[in-house]
Amino acid sequence: MRARLSGPREAEPVARAGAGASSAVLRPGGTHRTSSLQLLRAEGEAACFRAPTMTSKKLVNSVVGCAEDALAGLVASNPGLQLLQGHRVALRSDLDSLKGRVALLSGGGSGHEPAHAGFIGKGMLTGIIAGAVFTSPAVGSILAAIRAVAQAGTVGTLLIVKNYTGDRLNFGLAREQARAEGIPVEMVVIGDDSAFTVLKKAGRRGLCGTVLIHKVAGALAEAGMGLEEIIELVNAVAKAMGTLGVSLSSCSVPGSRPTFELAAGEVELGLGIHGEAGVRRVKMATADEIVMLMLDHMTNASNVSRVPVKPGSSVVLMVNNLGGLSFLELGIVADAAIRCLEGRGVHIARALVGTFMSALEMRGVSLTLLLADESLLRLIDAETTATAWPHMPKVSVTGWTRSRPAPIAPPEAPDTAAAGGVASQRAARVLEQVCTTLLGLEESLNALDRAAGDGDCGTTHSRAARAIQGWLEEGPPPASPARLLSSLSVLLLEKMGGSSGALYGLFLTAAAQPLKAKTDLAAWSAAMDAGLDAMQKYGKAAPGDRTMLDSLWAVGQELQAWKYPGADLLPVLTKAVESAAAAAEATRTMEAGAGRASYISSAQLDQPDPGAVAAAAIFRAILEALEGQGV
């Protein structure tokens, strides 16, 4: 019976499962009647079994077979890979092409995807051996993988192992057995953890920096370098590298509860990749502050596991998602790391950002720094077919121009009407009335929106009102109606936000066009038509869909009267405002056909649409302002 030993900071539940994993498959007479695949499945069952009341949800077929299923899925979607029958082993499908070259094998527990199988390919790994989740792979499977690559005609095999006790023992035992069979096999143990300031007897844990070792060793092997030469260079690279992780949450092995708990205002610094706790907990802070803390810890002169980075150093930076961090957060961390390092005079030669070695769904990130000269960069840049290796530009990050000037808008035709004249003053008073109205409706519009949206309709319209007020404070508005509407369009598109900002921007941009030639009442009616057409074209709403368009459409229908001789401004506008109010109220009983409300049952919508209410209120404010000026 093989006992499983846990490595430094290796997940405690995995270590406790060791005895059960073996005894579950033993029969009288010893282990010779038990297949390797049975051992692997039993190993997974023991490592993953927990009380059902404490488990977290996982999208798996079974707890027992999750590691096999995950590896099978990767192989099924990648014709460049093959499974080794009877083992949890994935190999390059073109093994025969490696005749006369060194083979590279790596692996460890599952749950670190895309490591390790995602890095199989030309220019990286020859194959991997996967254990159950957070559990070292079986010796028999490691030995089977070594035999498979040896029989393909390779001239030697290098085992790349992360520094965990279980991995060292199992890969080491397989190496000894293979050497006893006459197969040339060597092993390098990678420890890149920069968390511990005092050297532990077990050494530094193997973390995401191991992926960079896969890349360097793979490029050397692809170039035809011998086994001993690869080992010498890989060991030198490993000494110039460090990794530190931080997490906002723990993770949970399928069938298990979370491995540790974090308070809402805490983050874990220096944790490993098996859900084990880190070296200390710190208060939650901004991304910039967390990244600065990480880099300070990794490069501190008093830290025995530091990376000796100093001003003028050239590094490869790896920003690794530990599994559950959003892409948005990952980008923010990458930006913070690059700014912080460059601010310290460090030259970033390459930056790899993505998920390379995860810890299931852990919401965290690790940073890896590798000191790199030009010869090492050539190995990092060498071609590979490994699917998880990023396709990044082979140029330096530092020194690259990251922005370009914004395009200059074409010059506008001069406004023939006098700025600050009667027309300009009238427009300013109308806009002020609209802004006052919208600000007064903020809370009621938000209340209406909470029933069908995200409750921010009033806030969005108030944001637009404040932007217009600020714009008016800068100077009188354009007297030209076309320029006025165009200017308002630009302002709302930039400041209002949300779909309302886009729709009003579309409406005003289109409405401005007919007013460039004429500004009589017929032209204003045509402007309304043009705005409505644009809203329908891009917003995909129609009258009766329970949107702001219902009120605006009612206005547009009434303004058709302006196209006929003898029509007056205020009587027609008064009727349009009344129709808009009635249309807004009618949305109370409509079934939503567009917008967020269309995803909600009509039985839950018993209030008028907030966008329609706001649009009707805008036209009422326009009417009131014009009446107040005696137009």
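Residues numbered from 1 in each chain as written. Predicted model: local features only at pLDDT ≥ 70, side-chain atom pairs only at ≥ 80, totals over all residues. Heavy atoms only, no water.

## Considering the overall build of the chain
Along its length, the chain carries 20 helices and twelve strands. A burial count over the chain gives 51% of its 631 residues as buried. Expressed as a percentage of contacts within the chain between residues at least 6 apart in sequence, the contacts between residues at least 24 apart total 72%. (Helix = DSSP H or I, 4+ residues; strand = E, 2+ residues; numbered from the N terminus. Buried < 20%, exposed > 50% of the residue type's maximum accessible area, 1.4 Å probe, protein only. Contact = heavy atoms within 4.5 Å.)

## A few points about the sheet that holds strand S12 (residues 364-371)
Taken together, six strands build an open sheet; the order of strands is S9-S8-S7-S12-S10-S11 and the sheet is mixed. In this open sheet, the two edge strands, each paired with only one partner strand, are strand S9 (280-283) and strand S11 (347-354). Between one strand axis and the next, the sheet turns by 20° as a mean value, whatever way the strands run. Summarising the sheet, strand S7 (residues 241-247) and S12 pair through seven bridges and their orientation is antiparallel. Counted as the bridge partner of threonine 243 is threonine 368 from S12. Its contacts with the sheet put helix H9 (residues 287-299) on S7, strand S8 (266-269), S9 and S12, and the angle it makes with S12 is roughly 40°. Contacts between helix H11 (residues 374-381) and the sheet are confined to strand S10 (314-321), S11 and S12, with S11 contributing the most and set at about 25° to the helix. (Pairing = 2+ DSSP bridges. Axes fitted to C-alpha atoms, helices over the stretch in contact; angles between N-to-C directions.)

## Quick look at the side chain of serine 106
Along the chain, serine 106 turns up in strand S3 (residues 102-110). The exposure class of serine 106 is buried, given its relative accessible area of 0%. Looking at serine 106, its side chain comes within polar contact range of the side chain of histidine 214, at 3.0 Å. If near-sequence neighbours (up to four positions away) are discounted, serine 106 is found in contact with His116, Leu125, Gly127, Ile128, Ile129, Ile160, Phe171 and His214. (Polar contact = N/O pair within 3.5 Å; in protein donor to acceptor, adjacent residues only side chain to side chain.)

## What to know about the packing of helix H7 (residues 209-222) against H11
Two numbers describe how H7 lies on H11: the axes approach to 8 Å, and their chain directions differ by 90°. Here H11 runs roughly perpendicular to H7, going by the angle between their axes. Touching Leu212, Lys215, Val216, Ala219 and Leu220 of H7 are Leu376, Leu379, Ile380 and Asp381, all from H11. (Parallel < 35°, antiparallel > 145°, perpendicular 65-115°, else oblique.)

## Some remarks on the environment of serine 77
Looking at the secondary structure, you find serine 77 in the loop between helix H4 (66-76) and strand S1 (81-83). Residue serine 77 is classed as exposed on the basis of its relative accessible area, which comes to 58%. At 3.0 Å, the side chain of serine 77 and the backbone oxygen of glycine 73 are in polar contact. Looking at serine 77, its side chain comes within polar contact range of the main-chain oxygen of leucine 74, at 3.1 Å.

## Looking at the packing of aromatic side chains
Applying the stated criterion to the full structure yields zero aromatic pairs. Residue placement shows lysine 215 over the ring face of tryptophan 389; its charged tip is 5.6 Å from the ring centre. (Phe/Tyr/Trp six-rings, centres within 6.5 Å; stacked < 30°, edge-to-face > 60°. Lys NZ or Arg CZ within 6 Å of the ring centre and 35° of its normal.)

## Re the pattern of salt bridges
One pass over the structure, following the stated rule, counts 22 salt bridges. A salt bridge links arginine 281 to glutamate 268, with the shortest nitrogen-to-oxygen separation between them at 2.5 Å. Remark: glutamate 268 occurs in strand S8 and arginine 281 occurs in strand S9; sequence separation between them is 13 residues. The exposure class of arginine 281 is partly exposed, given its relative accessible area of 37%. For glutamate 268, a relative accessible area of 2% translates into the label buried. (Salt bridge = Lys/Arg side-chain N within 4 Å of Asp/Glu carboxyl O.)

Read these as spatial facts, not as claims about activity.
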